[in-house]
Amino acid sequence: MKIALKLAEKAFTQNEIPVGSVIVKENRIIGRGYNQKERLTDPTAHAEIISISAASSTMNDWRLNGATIYVSKEPCSMCAGAIINSRISRLVFGAYDDQKGCCGSLYQICGDKRLGSNTVVKGGVLEDRCSEILSEFFHLKRKK
């Protein structure tokens, strides 16, 4: 999660919503990403999507069974769907998102057996720091 936070900090410095994501398999980082929606002018350029693409490229396989994704903020519906579709085994996230979070706050997409998901979810890891960087970012945005 500390690496995901470093990536969130990188997004912050690039005026992107500060969310970072890291995918680990067998104690090896296989994918990294941070939000780049503004830079890439792409609404799908969320940290999770970028890290999943990187991990799939590293593994030369879209199936990421046995992998864990660490994300500094609770995934949205699009990212939760991508986590399920890539067959990631475990999701660990920091800050809960009461407005758009789909892995415990509004919905529980990951792990929903009706969707064929076996993804195990753990939220609230380093939650204070993960929430703090988001609050700081939006506080600065509101001041402008």
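A brief structural summary. Only a predicted model underlies this, so the values are computations on that prediction, with no experimental measurement involved. (Residues numbered from 1 in each chain as written. Predicted model: local features only at pLDDT ≥ 70, side-chain atom pairs only at ≥ 80, totals over all residues. Heavy atoms only, no water.)

**Observations regarding the packing of helix H3 (residues 47-59) against helix H4 (residues 77-85)**
Here is step 1 of the chain: H4 packs onto H3 with a crossing angle of 20° between their chain directions and a minimal axis gap of 9 Å. Comparing their axes, H4 and H3 come out roughly parallel. The hand of the H3/H4 crossing is left-handed. Taken together, the residues of H4 that come into contact with H3 (itself represented by Glu48, Ile49 and Ile52) are Met78, Cys79, Ala82 and Ile83. (Axes fitted to C-alpha atoms, helices over the stretch in contact; angles between N-to-C directions. Helix = DSSP H or I, 4+ residues; strand = E, 2+ residues; numbered from the N terminus. Parallel < 35°, antiparallel > 145°, perpendicular 65-115°, else oblique. Left-handed = near helix turned anticlockwise from the far one by under 90°. Contact = heavy atoms within 4.5 Å.)

**Section: the pattern of salt bridges**
Here is step 1 of the chain: The tally for this structure, following the rule as stated, stands at five salt bridges.
Here is step 2 of the chain: In this structure, arginine 63 engages aspartate 61 in a salt bridge whose closest nitrogen and oxygen atoms are separated by 3.2 Å.
Here is step 3 of the chain: Between arginine 129 and glutamate 132 there is a salt bridge, with the nearest N and O atoms lying 2.9 Å from each other. Placement of the pair is arginine 129 and glutamate 132 together in helix H5 (residues 127-143), with a separation of three residues, close to one helical turn.
Here is step 4 of the chain: Members of the salt-bridge network, linked through shared partners, are Glu9, Arg129 and Glu132. (Salt bridge = Lys/Arg side-chain N within 4 Å of Asp/Glu carboxyl O.)

**Focus on H4**
Here is step 1 of the chain: By the burial criterion, the buried members of H4 are Cys79, Ala80, Gly81, Ala82, Ile83 and Ile84.
Here is step 2 of the chain: Taken together, the buried residues of H4 touch H3, strand S3 (68-73) and strand S4 (90-95).
Here is step 3 of the chain: The first or second residue beyond H4 is arginine 87, which carries a positive phi of 65°. (Buried < 20%, exposed > 50% of the residue type's maximum accessible area, 1.4 Å probe, protein only.)

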